[in-house]
Amino acid sequence: MSTTMTYRPRLQKLYEEQIAPAIKEKFALTNVHQTPRLLKIVVNMGVGKAIENKKRLDQAMAELGQITGQKASLRRAKISVAGFKLRTGMPIGCCVTLRGQRMWDFADRLFTLALPRVRDFRGIKRSSFDGRGNFSMGVADQVVFPEIRVDKVENQQGMDVTFVVSGGSDAMSFELLQQLGLPFRKD
């Protein structure tokens, strides 16, 4: 008789066993389905220099794939902007949407490994909620992630990270992200 061990990410286990019941009690929610959940994490890299050098976009896609553990998808320009020499349909960035175990693993690495490595890091501003409970933040440099080797990086590239949370309330989403370990500023 063989028993198969299923892997559950640390943050997912923490959410299910401690955070969700605590939020349900704090906000006096009557139904378990009202409790906010992390639905997906979207990581986006806009590579404006790809207009001049196509290799920068290839490098950004490879690095985003290393960071997230999932292949990045190409994003193309939707409109033409003559001032930037940008035409409709030109490749301009890359994006990854994380769900399930990869989402929980990425969030854990972001909160515990990458953000503490940011120079002069004092926390994340609380003002980046969109009114529906989703939270967006920027990471200035990809080398804060341990998967990226600093000596192999030719160009520094920032990225946007968006946490899509169910529930529809900024207050409940803030509580969820704070209890998961996202370091907010104390101001």
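1. Overview of the nonpolar core
No. 1: Core analysis: the largest hydrophobic core is formed by 46 residues, its most contacted members being I41, L110, M137, V161, F163 and L180.
No. 2: Looking at this core, the elements that each hand over two or more residues are α1 (10–26), β1 (38–46), α2 (54–68), β3 (91–98), α3 (100–114), β4 (135–139), β5 (159–165) and α4 (170–180).
No. 3: When residues in this core are grouped by element, the largest group, seven residues, is from α3.
No. 4: In this structure, V161 is in contact with I41, V42, V43, F106, L110, F135, S136, M137 and V139, ignoring residues within four places of it in sequence.

2. Considerations on α1
No. 1: Helix length check: α1, at 17 residues, gives a terminal C-alpha distance of 23 Å against a target of 24 Å (1.5 Å per residue), a fit within 8%.
No. 2: Every buried residue of α1 is listed here: L11, Q12, Y15, I19, A20 and I23.
No. 3: Looking at the buried residues of α1, the elements they touch are α3 and α4.
No. 4: After α1 finishes, the residue A28 shows a positive phi value of roughly 55°.

Rules of the game
- Residues numbered from 1 in each chain as written.
- Predicted model: local features only at pLDDT ≥ 70, side-chain atom pairs only at ≥ 80, totals over all residues.
- Heavy atoms only, no water.
- Core = buried A, V, L, I, M, F, W, Y, C linked by side-chain atoms within 4.5 Å.
- Buried < 20%, exposed > 50% of the residue type's maximum accessible area, 1.4 Å probe, protein only.
- Helix = DSSP H or I, 4+ residues; strand = E, 2+ residues; numbered from the N terminus.
- Contact = heavy atoms within 4.5 Å.
- Expected span 1.5 Å × (residues − 1).

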